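Commentary on secondary and tertiary structure
This is what each chain is made of:
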Amino acid sequence: MKNLFRNPKESIAAKLIIATGLLIVILSLIFWYAIFLKQQKDVMSIAVEYGNSFTDFIKRSTRHSMLSLHTSTIQKTLEDIDTAEGVERIRIYSHTGSIFYSSNKKDVGNSVNKASIACTGCHDNIRSPGLLPEPKKWEVYKSAEGVTSLKLIDTIGNEPSCYTAACHVHPENQKILGFVEADISLALLDKTLFRQGLALTAYVLIFVVAISLFLGIINYKIVTHPVNELAKGMEEVAKGDLGYSAKINSVDEIGMLAKRFNAMLKDLKAAKDQRILWTETLEKEIAKKTEEIQRTQAGLMQTEKLASLGRMSAGIAHEINNPLTGVVTYAHLLKKRFPEGSPEAEDLDVIIEQAERCSKIIKNLQTFARASAPEKEEIDVNRILQQTLSMIRNQEKFHNIKFITSFEKGELRILGVTNQLQQVFLNMLINASDAMHEKGSVTVATRRINEKGDPFVEIEFTDTGVGIKETDLPKLFEPFFTTKPQDKGTGLGLSVSHGIIKHLGGQIKVRSRPGKGASFFVMLPAAGEKA
Amino acid sequence: MKKILVIDDEEIIRKSFQKILTPEGFEVKLASSGHEGISSLQKESFGVVLLDLKMPDMDGMDVLKEIKENWPETKVIIVTGYSTPEAKEEALRLGASDHIDKPFIPDILTERVRKAFNND
Ligand SMILES: Nc1ncnc2c1ncn2[C@@H]1O[C@H](COP(=O)(O)OP(=O)(O)O)[C@@H](O)[C@H]1O
Ligand SMILES: [Mg+2]
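Residues numbered from 1 in each chain as written. Chains lettered and ligands numbered in written order. Predicted model: local features only at pLDDT ≥ 70, side-chain atom pairs only at ≥ 80, totals over all residues. Heavy atoms only, no water.

Brief notes about the overall build of chain B
Within chain B one finds 5 helices and 5 strands. A burial count over chain B gives 51% of its 120 residues as buried. Intrachain contacts of chain B at a sequence separation of at least 6 include 63% that bridge at least 24 residues. Accessible surface computed for chain B: about 5,700 Å², of which carbon and sulfur atoms make up 47%. (Helix = DSSP H or I, 4+ residues; strand = E, 2+ residues; numbered from the N terminus. Buried < 20%, exposed > 50% of the residue type's maximum accessible area, 1.4 Å probe, protein only. Contact = heavy atoms within 4.5 Å. Areas by Shrake-Rupley, 256 points an atom, 1.4 Å probe, with all protein chains shown as cover.)

In structure tokens form, the structure reads like this:
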């Protein structure tokens, strides 16, 4: 409720109450004033009516004395009537304004004030005494004491008993013989009117206050409270509490707003929860992938080590087996020249035996290298490419590289080792990125092709880099051939890749457009369709 | 006369083949490279060719393919110091009749060569 009395600028309720209150006050004032005027008029006409019968009464009371010209009696009668409450003064004067009788004795013999209603009531101008079409017979004025008074003037008409009276004061042709004037105090009426006005004002005030209060409460219940509730809700939401729900049950527009608001909050909360869930899942997924990548990298290193061990043992086997063949063969040939069981033949047997032991050691080395190399299995090239691409997309080296992929539909199965193929593809992509100074586009495409009648899978990597110099082309797959700075290139990428692909029965082809880019084509025999 | 062609880039090996097989009654001709071997085959016919798989000028496999294409009657025995099972398989697929690992025992070589001739 205290919100009702806040700064009116900030409260709808206050604004509404002030506006309606003001309207009611103005309307009430107009209404009040109209009633007041009407009352005053009514009261006045009643007063005038009573006043007229009063002057009539004076005329009748003095009639007898007039006819018999008992002037002292007339004077006395006026003085007596004047003692009645509310009567202030009674005068009788001629049409020239000479006062004949007055309740105030000192007045007798004087003239009336020519500017007063006594003259102006009928004559518009004293000097040319024309008559007004509608004579004014009464007026209300404020006496010197501040009391409202009513002044009434009545004419005393001529009649036969007047001009036939013994005194012969009035001739027959005189129409008006004089005037009776009475001043009556309206103090009592004033008081009543004032009281009535006061009561009316009080009614209006109570009415205004009651209406305003009522409006205020209604407004508070219907508008202020729900709006505050909503505002509180929004504050809570801003603070991050989406579990809030505005408690408004009305079915009006604000209730509807609250309902929508609550629904929106619910949606928001659901979305936020979903987002949190996603973030968590994503984090887990990232952790999983990171671990996978680390494992792959470790695996790659291991494969590379084993691959180089395999290549080394192959080289050693070839280089050593040839001389060993010489040793064994010549020892046998020599042995044939000595009789069986001779000491020479026995010594030669030792030579042969030792040479064969050497060859066995080499065979074991080969077997070991081959045995530790991972097993080949049927794998989908598209999938491995996709994995490799998603693995590198987040790496800084590839941030400014646009990948254009065009994969053959379905699975492209080949026989190979996942880690090794990933290593090959990774190498191609790293080389492409290096050739483009880490900015440009790389097209990665796969397709089924026919190579001398056999089904093959071809993977294309085309970049928009510097390309390869004609003179470098023959050296590209040599171990340690690199054009990159020492800390960047090892020159092993393509040679290892070549080794892996060759081992799988495939090959790598290069096409270069110096200054424009290079394309590498990795071709692998398709699985399950071996001729 | 049973004629044998030895194709191997190492002289000691070539000569050892000759020393082992000549006393056994074979006529042994020597070639130090794939190209040389092919031109020998173009001049005269041989019953058996002993072929090293790893030579600098021409891959043993390619020599094997060419021999089998042009002289399908000629038996080819692969003699190699280092070979993976896949390579051996590939050689057999291309038409080699046998393979012998280096180093070999002379008697075993003789026996295998004889077998090649007898399988005719
Ligand atoms: N996509 C390519 N565009 C231009 N040159 C390339 C590309 N790929 C490889 N090369 C050239 O081949 C060389 C050898 O590559 P590689 O064997 O992967 O070793 P490294 O990348 O360590 O230099 C590179 O140094 C580069 O000169
Ligand atoms: Mg590289």
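So, the sheet that holds strand β4 (residues 148-157) of chain A
Residues and elements named next belong to chain A. If you trace the 5 strands from one edge of the open sheet to the other, you get β2-β1-β5-β4-β3, paired in antiparallel fashion. Edge positions in the sheet fall to β2 (99-102) and β3 (138-142), since each has one partner strand and no second. Neighbouring strand axes in the sheet, compared pairwise and without regard to direction, differ in orientation by 20° on average. Its contacts with the sheet put helix α2 (residues 71-82) on β1 (87-93) and β2, and the angle it makes with β1 is roughly 155°. (Pairing = 2+ DSSP bridges. Axes fitted to C-alpha atoms, helices over the stretch in contact; angles between N-to-C directions.)

Looking at the confidence of the model for chain B
Overall, the prediction assigns chain B a mean pLDDT of 89, with 93% of residues at 70 or greater. As scored by the predictor, the complex reaches a pTM of 0.37 and an ipTM of 0.80. (pLDDT = per-residue confidence, 0-100.)

Overview of the interface of chain A and chain B
Contacts between the two partners involve 20 residues from chain A, matched on the other side by 23 residues from chain B. Of all residues in chain A, the largest losses of buried area upon contact with chain B belong to H318, N322 and Y330 of chain A, amounting jointly to 27% of the total for that side. One can count 1 salt bridge joining chain A with chain B. When the shortest N-O distance is used, the salt bridge between D107 of chain B and K336 of chain A registers 3.5 Å. Our count for the contact surface shared by chain A and chain B stands at 2 residue pairs in polar contact (both at pLDDT 80 or more). For the side of chain A that touches chain B, the secondary-structure elements that each account for two or more residues are α6 (253-335) and α7 (343-372) of chain A. If one sorts the elements of the side of chain A that touches chain B by residue count, α6 of chain A sits on top with 13 residues. In terms of residue class, the side of chain A that touches chain B is made up of 7 nonpolar, 9 polar and 4 charged. (Buried area = accessible area lost by both parts, 1.4 Å probe. Salt bridge = Lys/Arg side-chain N within 4 Å of Asp/Glu carboxyl O. Polar contact = N/O pair within 3.5 Å; in protein donor to acceptor, adjacent residues only side chain to side chain. Nonpolar A, V, L, I, M, F, W, Y, C, P; charged D, E, K, R; others polar.)

What to know about the site of ligand 1
Residue and element names in this part refer to chain A. Looking at ligand 1, there are 19 residues lining it, with T482, T483, K484, T490 and L494 nearest. Contacts to ligand 1 include D463, whose side-chain N or O atom sits 2.8 Å from a nitrogen atom. Contact distances for ligand 1 include 2.6 Å between an oxygen atom and a side-chain N or O atom of T482. Contact with the protein chains covers 94% of the free accessible surface of ligand 1, which is 530 Å². Going through the elements one at a time, α9 (418-435), α10 (493-503) and β12 (517-525) are the ones with two or more residues in the shell around ligand 1. Tallying contributions element by element places α9 first for the shell around ligand 1, with 3 residues. Counted by class, the shell around ligand 1 contains 8 nonpolar, 9 polar and 2 charged residues. (Near = heavy atom within 4 Å.)

Some details on the pattern of salt bridges
Pairing of side chains with opposite charge becomes possible as their charged atoms draw close. Overall, the coordinates contain 36 salt bridges over all chains when judged by the stated rule. In this structure, a network of salt bridges that share partners links the residues R89, R91, D107, K151, E181 and D183 of chain A.

So, a nonpolar patch on the surface
Residue and element names in this part refer to chain A. On the surface, M312, I316, I320 and L365 cluster together into a nonpolar patch covering about 310 Å² of accessible area. Looking at which element gives the most residues to the nonpolar patch, the answer is α6, with 3 residues. Within the secondary structure, I316 sits in helix α6. For I316, a relative accessible area of 31% gives the class partly exposed. (Patch = residues over 30% accessible without salt bridge, like charges linked within 9 Å, V, L, I, M, F, W, Y side chains within 5 Å.)

Some details on the nonpolar core
If you look at the biggest cluster of nonpolar residues, it comprises 39 residues, and the most contacted ones within it are L421, F425, L429, I459, F461 and V522 of chain A. Listing elements by their share of this core, those giving two or more residues are α8 (381-393), β7 (401-406), α9, β9 (440-451), β10 (454-463), α10 and β12 of chain A. The element best represented in this core is α9 of chain A, accounting for 7 residues. Those residues in contact with F425 of chain A that lie beyond four places of it in its chain are V381, I384, L385, T388, I459 and F461 of chain A. Counting residues in each nonpolar core, the second largest holds 20 residues, with L5, I38, F46 and L94 of chain B among its members. (Core = buried A, V, L, I, M, F, W, Y, C linked by side-chain atoms within 4.5 Å.)

Here we look at a negative patch on the surface
Taken together, the side chains of D59, D62, E66 and E69 of chain B make up a negatively charged region of the molecular surface. Secondary-structure assignment places D59 of chain B in the loop between β3 (48-52) and α3 (60-70). (Lys, Arg positive; Asp, Glu negative; His and termini not counted. Charge placed at Lys NZ, Arg CZ, Asp CG, Glu CD.)

A word on the packing of aromatic side chains
All names here are of chain B. Inspection of every chain in the model, using the stated rule, returns 6 aromatic pairs over all chains. On the basis of an interplanar angle of 20° and a centroid distance of 5.2 Å, the ring pair of F17 and F104 is categorised as stacked. Taken as a pair, F17 in helix α1 (residues 11-21) and F104 in the loop between β5 (98-101) and α5 (106-118) lie far apart in primary sequence, 87 residues in all. Sitting over the ring of F46, K3 keeps its end group 5.4 Å from the ring centre. (Phe/Tyr/Trp six-rings, centres within 6.5 Å; stacked < 30°, edge-to-face > 60°. Lys NZ or Arg CZ within 6 Å of the ring centre and 35° of its normal.)

With respect to the environment of K488 of chain A
Residue and element names in this part refer to chain A. Here K488 lies in the loop between β10 and α10. For the pair K488 and D434, spaced 54 residues apart in sequence, the C-alpha separation works out to 9.4 Å. Not counting residues within four places of it along the chain, the set of residues in contact with K488 comprises K397 and D434.

Topic: the packing of helix α2 (residues 34-43) of chain B against α3 of chain B
Residues and elements named next belong to chain B. The geometry of α2 relative to α3 is characterised by a closest axis approach of 10 Å and an angle of 10° between their N-to-C directions. As summarised for this structure, α2 and α3 are arranged roughly parallel, according to the angle between their axes. Here G34, I38 and L41 of α2 come into contact with α3, specifically with V63, E66 and I67. Looking at the contact of α2 with α3 residue by residue, the classes come out as 4 nonpolar, 1 polar and 1 charged. (Parallel < 35°, antiparallel > 145°, perpendicular 65-115°, else oblique.)

Re the sheet that holds strand β4 (residues 75-80) of chain B
All names here are of chain B. Strand order in the open sheet made by the 5 strands is β2-β1-β3-β4-β5, with parallel pairing throughout. Whereas interior strands pair on both sides, the edge strands pair on one side only; in this sheet they are β2 (26-31) and β5. Within this sheet the neighbouring strands show an average axis-to-axis angle of 20°, counted without direction. Where strand β1 (residues 2-7) meets β2, 6 bridges bridge the pair, whose relative direction is parallel. Following the sheet pairing, L5 is matched in β2 by K29. Here α5 sits on the sheet in contact with β1, β2, β3, β4 and β5, set at roughly 125° to β1.

Overview of the packing of α9 of chain A against α10 of chain A
Residues and elements named next belong to chain A. Relative orientation of the contacting elements α9 and α10 amounts to 145°, with a least axis distance of 9 Å. Considering only the axes of α9 and α10, their crossing is left-handed. On the side of α9, the interface is formed by Q420, L421, Q423, V424, N427, M428 and N431, while α10 contributes G493, L494, V496, S497, I500 and I501. Across the contact of α9 with α10, the residue classes tally to 7 nonpolar, 6 polar and no charged. (Left-handed = near helix turned anticlockwise from the far one by under 90°.)

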